[in-house]
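# Descriptive analysis of the structure
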Amino acid sequence: MKRTIQLSATALLFVVIVAFNNNKGPAPFDSKYFNGNWTYRSLYNAEPNTPFANLEFAQAVMRFKNNSGDSIFGILDMGAGYALNLRGKVTAC
């Protein structure tokens, strides 16, 4: 029997969007634009001449759906049964 370990944690996702509408102040932003799958890559902090292929630490898929208004919810899927719940607010400034 194959066992899959499920890591379930909540990560607070801070997203700051800078959007100005002809200097009339912040433009409204709807988090529905984040809906879909996004690639997440984590890299090692290394010397500047390190080949890019040697920098990858981790890769995952961020899946966002049914977002609207200023709230955003999703999952960071790291494969092999590991995932983090994502929750946050979109802030225009």
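The sections below set out a description of the structure shown in this document. (Residues numbered from 1 in each chain as written. Predicted model: local features only at pLDDT ≥ 70, side-chain atom pairs only at ≥ 80, totals over all residues. Heavy atoms only, no water.)

Relative to the assigned elements, Gly36 resides in strand β2 (residues 36–43). Each C-alpha atom of the pair Gly36 and Lys65 lies 6.1 Å from the other, and the pair is 29 residues apart in sequence. In this structure Gly36 touches Met62, Arg63 and Phe64, once residues within four positions along its chain are discounted. (Helix = DSSP H or I, 4+ residues; strand = E, 2+ residues; numbered from the N terminus. Contact = heavy atoms within 4.5 Å.)

What follows covers the packing of aromatic side chains. For the structure on display, the rule yields three aromatic pairs. With a centroid separation of 5.2 Å and an interplanar angle of 75 degrees, the aromatic rings of Tyr44 and Phe57 are classed as edge-to-face. With Tyr44 in the loop between β2 and β3 (56–64) and Phe57 in strand β3, this pair connects stretches of sequence that are 13 residues apart. Residue Phe57 is classed as exposed on the basis of its relative accessible area of 53%. Counting every residue linked through ring pairs, the aromatic cluster contains Phe34, Trp38 and Phe64. (Phe/Tyr/Trp six-rings, centres within 6.5 Å; stacked < 30°, edge-to-face > 60°. Buried < 20%, exposed > 50% of the residue type's maximum accessible area, 1.4 Å probe, protein only.)

Here the focus is the pattern of salt bridges. Within this structure, the stated rule accounts for one salt bridge. Of the charged contacts, one joins Asp77 and Arg63 as a salt bridge, the two residues approaching to 3.4 Å between their closest N and O atoms. Taken together, the positions of Asp77 in strand β4 (residues 71–79) and Arg63 in strand β3 put the pair 14 residues apart, joining distant regions of the chain. For Arg63, a relative accessible area of 36% translates into the label partly exposed. (Salt bridge = Lys/Arg side-chain N within 4 Å of Asp/Glu carboxyl O.)

The next subject is the pairing of β4. Two elements, β3 and β4, share four bridges in a ladder whose sense is antiparallel. Counted as the bridge partner of Val61 is Asp77 from β4. Taking the residues between adjacent antiparallel strands as the criterion, β3 and β4 are bridged by six residues, where Asn66 takes a positive phi near 60 degrees. (Pairing = 2+ DSSP bridges.)

If you look at the biggest cluster of nonpolar residues, it comprises nine residues: Phe34, Ala60, Met62, Phe64, Ile72, Leu76, Leu84, Leu86 and Val90. When residues of this core are traced back to their parent elements, those giving at least two are β3, β4 and β5 (82–92). (Core = buried A, V, L, I, M, F, W, Y, C linked by side-chain atoms within 4.5 Å.)

Further remarks concern the environment of Asp30. Note that Asp30 resides in the loop between β1 (10–17) and β2. Spatially, the C-alpha atoms of Asp30 and Asn67 are 8.3 Å apart, while their sequence positions differ by 37 residues. Contacts of Asp30, omitting those with residues within four sequence positions, involve Asn67, Ser68 and Gly69.

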